[in-house]
Amino acid sequence: MIELAVFDIAGTTVDEHGAVYQALADATGVAEDDVVPWMGADKKEAIAALLGKSGQIVQDTFDDFRRRLAEAYELKPPVALHGVPETIDRLRVNGVKVALTTGFDRDVTTSILSTLRWEDKVDAVVCTDDVPAGRPAPYMIFRAMEATGVMDVSRVLVAGDTTRDLQAGTNAGARMVVGVLTGGQNAATLGAVRHTHLLPSVADVLPYLASA
């Protein structure tokens, strides 16, 4: 039985209209295609890699990224992906705890969840600044397990829209590692890394839980 479902936020449970990657490209001055390999990553880590620099310039660029993202969200607020809120509710009603993990820091994440009125929607929220390293490291998944009292990783489902989400799930040893096609990467890209399922959306995950 699956006891914990760990879902990514942007592109997996929430449609933020691609604003994060546009803001990241604009802040770093790179092409959007150059940002693609960093989908799902810690945003400060991504900035350091894209600039090839460290120190204050990374922090300044990160601050600029956050400013651009806030402006984009003000113009076009994030919304829940179709069917996802109902899926989360059904999971929890049936005894499955739900945690969200994200490459955003706590401030950005809190803003998104507030916009959605999701403050009490899930059992735990783990951000990249809660752990020593972001995806593909498995630490956010382990922190979600800790926060929800789930001790057996073979009872954990991980779902996300990027290869880094899937790599983190595999590195954690999760029972189900699910790629979803609601984000910026297609089935061919997601299928190139280890996974157990590729599904159109998180909203399609419920029928597969019994087989797990």
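Within each chain, residue numbers correspond to sequence positions counted from 1 in written order. Per-residue local features are limited, in this predicted model, to residues with pLDDT of at least 70; the limit for side-chain atom pairs, both in listing and counting, is 80 or more; totals at the level of whole chains, interfaces and linings are taken over all residues. With hydrogens and water excluded, all non-hydrogen atoms of the structure serve as input to the side-chain values.

**Quick notes on the packing of helix H1 (residues 19-28) against helix H3 (residues 43-51)**
In plain terms, the rule: Lines fitted to C-alpha atoms define the axes here, with helix axes fitted over just the stretch in contact, and angles between the N-to-C directions of these axes take values from 0 to 180 degrees. We count a stretch as a helix when DSSP gives it H or I for four or more residues in a row; a strand needs E for two or more, and each element gets its number in order from the N terminus. Angles below 35 degrees are treated as roughly parallel, those above 145 as roughly antiparallel, those between 65 and 115 as roughly perpendicular, and all remaining angles as oblique. The crossing is said to be left-handed when, going from far helix to near helix, the turn is anticlockwise and less than a right angle, and right-handed when the turn is clockwise. In what follows, residue pairs with any heavy atoms lying within 4.5 Å of each other are defined as contacts. Classification used: nonpolar for Ala, Val, Leu, Ile, Met, Phe, Trp, Tyr, Cys and Pro, charged for Asp, Glu, Lys and Arg, polar for all others including Gly.
Their axes nearest at 10 Å, the elements H1 and H3 cross at an angle of 40 degrees. Classified by the interaxial angle, the pair formed by H1 and H3 is oblique. When the axes of H1 and H3 are compared, the crossing they make is right-handed. Residues Val20, Leu24 and Thr28 of H1 lie in contact with H3, whose contacting residues are Lys43, Ala46, Ile47, Leu50 and Leu51. Tallied by class, the residues present in the contact of H1 with H3 amount to 6 nonpolar, 1 polar and 1 charged.

**Quick notes on the pairing of strand E5 (residues 124-127)**
Just so we agree on the cut-off: Paired strands are those between which DSSP finds at least two bridges. When the strands point away from the viewer and the path from the first strand over the helix to the second turns clockwise, the crossover is right-handed.
Pairing of strand E4 (residues 97-102) with E5, which is carried by 4 bridges, proceeds in the parallel orientation. Across the sheet, the residue bridging to Thr101 is Val126, located in E5. With respect to chirality, the unit in which E4 leads through helix H6 (residues 106-116) into the neighbouring parallel E5 is right-handed.

**Concerning the pattern of salt bridges**
How we decide: Any Lys or Arg side-chain nitrogen found within 4 Å of a carboxyl oxygen on Asp or Glu counts as a salt bridge. Residue burial is assigned from relative accessible area. The probe radius is 1.4 Å, only protein chains are included, and a residue is buried under 20% of its type maximum, exposed over 50%, and partly exposed in between.
Under the defined criterion, the tally for this structure stands at 13 salt bridges. A salt bridge links Arg155 to Glu3; the nearest nitrogen and oxygen atoms lie 3.6 Å apart. A residue pair is termed long-range when its members are at least 10 positions apart, and Arg155 in the loop between helix H7 (139-148) and strand E6 (156-160) and Glu3 in the segment before strand E1 (4-8) qualify at 152 residues. Under the relative-accessibility criterion, Arg155 is labelled partly exposed at 30%. Here Asp89 and Lys121 are joined by a salt bridge, their closest N and O atoms 2.9 Å apart. One end of the pair, Asp89, is in helix H5 (residues 84-93); the other, Lys121, is in the loop between H6 and E5, and 32 residues separate them in sequence. Counted as one network, the salt bridges with shared partners bring together Asp64, Arg67, Arg68 and Glu71.

**With respect to the nonpolar core**
The condition is simple: Nine residue types can take part in a nonpolar core, namely buried Ala, Val, Leu, Ile, Met, Phe, Trp, Tyr and Cys, and a core is a set of them joined through side-chain atoms within 4.5 Å. Bear in mind that the domain bounds are from an automatic or database domain assignment.
If you look at the biggest cluster of nonpolar residues, it comprises 48 residues, and the most contacted ones within it are Phe7, Phe65, Leu69, Phe104, Trp118 and Leu157. Per element, the largest residue contribution to this core is 7 residues, and it comes from H1. Counting only domains with at least three residues in this core, you end up with domain 1 (4-16 + 79-208) and domain 2 (19-75). With residues near it in sequence (within four places) discarded, Trp118 still touches Thr13, Val14, Ala80, Val84, Pro85, Ile88, Leu100 and Leu113. Grouped together as the second largest cluster of nonpolar side chains are 20 residues, Ala124, Val126, Val158 and Ala174 included.

**Digging into the sheet that holds strand E8 (residues 197-199)**
Taken in spatial order, the 6 strands line up as E5-E4-E1-E6-E7-E8 in an open sheet, and their pairing is parallel. For this open sheet the edge positions go to E5 and E8, each flanked by a neighbour on one side alone. Averaged over all pairs of adjacent strands, the angle between their axes in this sheet comes to 20 degrees, without regard to strand direction. Pairing analysis gives 3 bridges linking strand E7 (residues 176-180) to E8, with the strands arranged parallel. By the bridge assignment, Val178 is partnered in E8 with His197.

**Side note on the domain arrangement of the protein**
Rules: By buried area we mean how much accessible surface two parts lose on assembly, using a 1.4 Å probe and totalling the loss over both. Under the rule applied, a polar contact is a pair of N or O atoms within 3.5 Å (in protein, one hydrogen donor and one hydrogen acceptor; residues adjacent in sequence only if both atoms are side-chain atoms).
Once the domains are mapped, the protein shows domain 1 (4-16 + 79-208) and domain 2 (19-75). The interface of domain 1 with domain 2 comprises 14 residues on the first partner and 15 residues on the second. Here domain 1 meets domain 2 over a buried area of about 1300 Å², counting both sides, of which 49% is carbon and sulfur. For the domain 1 face of the interface with domain 2, the top three residues by lost area are Glu16, Phe104 and Arg164, together amounting to 38%. The interface formed by domain 1 and domain 2 contains 2 salt bridges. In this structure, Arg66 engages Asp105 in a salt bridge whose closest nitrogen and oxygen atoms are separated by 3.0 Å. Run the count over domain 1 and domain 2 and you get 9 residue pairs in polar contact (both at pLDDT 80 or more). Partitioned by chemical class, the residues of the side of domain 1 that touches domain 2 number 3 nonpolar, 6 polar and 5 charged.

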